[in-house]
Amino acid sequence: MMKTITPVWHCNFSHEIHLLSLNFNRYKVLSVDTEFPGFLRETPRGASEAILYDDLKFNVDNTNIIQLGITLMDDHGDIGPTWEFNFKFDLEKETHVQSSIKFLKKSGLDFQKIRQDGIPRNVFVMNFLKILAIHRNLKWVTFHGTYDLAHVLKLFTCETLLPNTARDFAAKASSFFNKLVDLKLAAKYSEGLKDVEVGLAKLSRILHVRRLGEAHNAGSDSLLTAQVYAKMMDHIGDGSLEGILYGLEDVRIGRMYKPRFMIRLPHLMPVQLGPCAAYTMSFKPQIPVQQHGGNYCVAPMQPQPCYFMPLPHVMM
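Described below are features of the structure shown in this document. Just so we're clear, the structure is a prediction, and the values are computed from it rather than from any experiment. (Residues numbered from 1 in each chain as written. Predicted model: local features only at pLDDT ≥ 70, side-chain atom pairs only at ≥ 80, totals over all residues. Heavy atoms only, no water.)

## Concerning the overall build of the chain
Quick note on the threshold: Secondary structure elements follow DSSP: runs of H or I of four or more residues count as helices, runs of E of two or more count as strands, with numbering from the N terminus. Summary of the burial criterion: residues with accessible area below 20% of their type's maximum are buried, those above 50% are exposed, and those between are partly exposed, where the area comes from a 1.4 Å probe applied to protein chains only. Using the Shrake-Rupley algorithm and a 1.4 Å probe, accessible areas are obtained, with residue cover drawn only from the displayed protein chains.
When you go through the chain residue by residue, the secondary structure sums to 10 helices and 10 strands. Considering the chain as a whole, with its 316 residues, one finds that 54% of them fall into the buried category. Entry remark: accessible area of the chain is about 15200 Å², with carbon and sulfur atoms responsible for 53%.

Right, here's the structure in full:
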C-alpha cells in the first residue's frame, strides 16, 4: 500500500473519522504524535521525575493541542493509513510560546487556515471517544510520548487540569491507553543504543527508515514513528517496558490499573450516547499564567458543557 498522509479539517472531518472507525476493524495498533504551542516552562536535563511531571502539568494545563497525527498498523507491523487532525487554534486568544509558533510555521503549519478551518476540539472528542468505546483493545505507540499522551488525555477528558501527581496521571491515562509502547524508552534499552541520546530522526536514520512529509508535522511524525516501530517490534522484548513513558519510569500506564472514570464528552448539540443518562456541566475557567519577561502569550481556558459517560472496564 502506498503511504499517504490525509490532512483533516472541519470540512472533511465527518468523512475521515468514519474511515478511521472502519479501519480499526483491521488495525489494532495506532502510532500517535502531537504538535502543541511550546513549553512555557523548560525542564532542566537530569531533573527528577517529580520536577518533570510538575513541569509537564504546568505546560499542558496552560496550552492546547494544535495537531494530532494517527497512523494505524496491524500486529505484524504492516502500516495502514495516516491522518493529521488539525484543531482550531487562534494565536490571538490561546496561550503559546512565540518561538515555538515561529518554528512550526517554518515547518509548514498554516495558522491562518488552522484558525479558520480547524476542527473544534469538542467535535473531535465526541466522535473519537465513540470509536474508542467500540475498539477497546488497542496498542498506542509513541516516541518520547509524555507530552503527546498528556495532551491527548487532556483532550479526551475535556478537563483543563491534569492530575496532581504522576501516579494519578498514570491511573487516569490507563482508562484510555490500555497498551502503550514508548520507542524512546525502548531505544534506551536496545543493544548498541544504551546510554545514547537519540531522537526520532536519528533513530529512523539508524534503522534506514525514510520520512514522508515534513518533520514537526504530526502526521509525518506519527507515520515515521510507526515505521520505526515496525523495524523494532520484534526486538523490543517480552513486554516489560510496556506502559512506561520515557522520563516517567516509576509509574506504569495500562495493565496494572483498572480504574473506572466518568469521561466528560464535550458537545455542540444535545446527543444521547447509548443507555447513559446525559446532562450538562460547566467547570471553572483556568487561572491565567502570570509570568514576567516570558516570550509567550496567555489566555484563560473557557468553560464548556460536557456529557458524562462511564468508560467500561477493559478485561485483561
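## Let's talk about the pattern of salt bridges
Stated precisely, the cut-off is as follows: By convention in these notes, a salt bridge is any Lys or Arg side-chain nitrogen within 4 Å of a carboxyl oxygen on Asp or Glu.
Under the criterion given, the structure shown has 9 salt bridges. Put simply, Asp55 and Arg41 hold a salt bridge, and the shortest N to O gap is 3.1 Å. Of this pair, Asp55 sits in helix α2 (residues 49–61) while Arg41 is found in the loop between β2 (29–35) and α2, placing the two residues 14 residues apart along the sequence. Taking relative accessible area as the criterion, Asp55 reaches 5% and is therefore assigned buried.

## Focus: the side chain of Thr95
As a reminder, the rule being used: Whenever a nitrogen or oxygen atom comes within 3.5 Å of another N or O atom, the pair is scored as a polar contact, on the condition that within protein one atom can donate a hydrogen and the other can accept it, and that pairs from neighbouring residues in sequence are kept only if both atoms are in side chains.
Mapped onto the elements, Thr95 comes out in the loop between β4 (79–86) and β5 (96–97). Among the residues examined, Thr95 registers a relative accessible area of 4% and is labelled buried. Side-chain polar atoms of Thr95 contact the backbone oxygen of Asn62, separated by 3.1 Å.

## What to know about helix α6 (residues 146–157)
Heads up, the condition is: One less than the number of residues in a helix, times 1.5 Å, gives the span that helix is expected to have.
The end-to-end C-alpha distance of α6 is 16 Å, a good match for the 16 Å that 12 residues give at a rise of 1.5 Å each. Counting buried positions over the 12 residues of α6 gives 12, a clear majority of the element. Positive phi shows up at Cys158, right after α6, with a value of about 55 degrees.

## Structural notes on the layout of surface pockets
Inclusion rule: Grid points spaced at 1 Å and placed over the protein atoms alone form the basis of the search, with a cavity being a set where a 1.4 Å probe fits but cannot get out and a pocket an open set showing protein on both sides within 12 Å along at least five of seven lines. Lining residues have an atom within 4 Å of a point. Grid points are joined across faces, edges and corners, and a volume is the space filled by probe spheres set on the points. Any residue that is not Ala, Val, Leu, Ile, Met, Phe, Trp, Tyr, Cys, Pro, Asp, Glu, Lys or Arg is counted as polar, Gly included; the first ten are nonpolar and the last four charged.
Considering only enclosed or pocket space, the largest pocket measures out at about 1300 Å³ in volume. Around the largest pocket, the lining is made up of 39 residues, and of these Phe36, Phe39, His144, Tyr147 and Lys184 lie nearest the centre. Of the residues in the lining of the largest pocket, the class split is 14 nonpolar, 12 polar and 13 charged.

## Quick notes on the pairing of β4
We apply this condition: Following DSSP output, two strands are said to pair if at least two bridges run between them.
Across the 8 residues of β4, 8 count as buried, placing the element largely inside the fold. Alignment of strand β1 (residues 5–8) against β4, held across 4 bridges, turns out to be parallel. When the sheet's bridge partners are listed, Thr6 is paired in β4 with Trp83. The pairing of strand β3 (residues 67–73) with β4 spans 6 bridges and is classified as antiparallel. Looking at β4, one finds that Gln67 is bridged to Asn86. What sits between β3 and β4 in their antiparallel hairpin is a turn of 5 residues, with Gly77 showing a positive phi close to 90 degrees.

## Remarks on the nonpolar core
Here is a general trend for soluble globular proteins: nonpolar side chains tend to be buried in one another's company. Under the convention used in this document: Only buried residues count toward a nonpolar core, which is a set of Ala, Val, Leu, Ile, Met, Phe, Trp, Tyr and Cys residues joined through side-chain atoms within 4.5 Å. We call two residues contacting when some pair of their heavy atoms lies within 4.5 Å.
Judged by nonpolar contacts, the single largest core of 48 residues is most densely connected at Leu20, Phe85, Phe124, Trp140, Phe156 and Phe177. Elements supplying a minimum of two residues to this core: α1 (13–23), β2, α2, β3, β4, α5 (121–134), α6 and α7 (166–173). Contact partners of Trp140, with chain neighbours within four places excluded, come to Leu30, Val32, Phe128, Leu132, Phe156, Phe176, Phe177, Lys179, Leu180 and Val181. Counting residues in hydrophobic clusters, the runner-up holds 21 residues, among them Ile79, Ala187, Val228 and Met233.

## A look at unusual backbone geometry
Look at His144: it is not a glycine, yet its phi comes out positive at around 50 degrees. The topology assignment puts His144 in the loop between β6 (139–142) and α6. Positioned with a positive phi, Cys158 is a non-glycine residue whose angle comes to about 55 degrees. Secondary-structure assignment places Cys158 in the loop between α6 and α7. Overall, the relative accessible area of 6% leaves Cys158 in the buried class.

## Remarks on the sheet that holds strand β7 (residues 179–182)
Operational definition: Axis lines are fitted to C-alpha atoms, over the contacting stretch for helices. Their N-to-C directions set the angle, which ranges from 0 to 180 degrees.
Pairing in this open sheet of 6 strands is mixed, and the strands run β1-β4-β3-β2-β6-β7 from one edge to the other. Single-partner strands in this sheet number two, and they are β1 and β7. For this sheet the average axis-to-axis angle between neighbouring strands, irrespective of direction, equals 25 degrees. For β6 and β7, the ladder comprises 4 bridges, and the chain directions are parallel. Following the sheet pairing, Val141 is matched in β7 by Val181. Relative to the sheet, helix α10 (residues 218–232) contacts β1, β2, β3, β4, β6 and β7, its axis offset from that of β3 by approximately 30 degrees.

## Considerations on the packing of aromatic side chains
As a reminder, the rule being used: We call Phe, Tyr and Trp rings a pair once their centres come within 6.5 Å, taking the six-membered ring for Trp, and we label the pair stacked below 30 degrees between planes, edge-to-face above 60, and tilted otherwise.
Across all of its chains, the model carries 16 aromatic pairs by this definition. With centroids separated by 5.6 Å and ring planes inclined at 20 degrees, the aromatic side chains of Phe36 and Tyr147 adopt a geometry described as stacked. With a gap of 111 residues between them, Phe36 in the loop between β2 and α2 and Tyr147 in helix α6 connect regions that are remote in the sequence. By relative accessible area, which is 14% here, Phe36 ends up buried.

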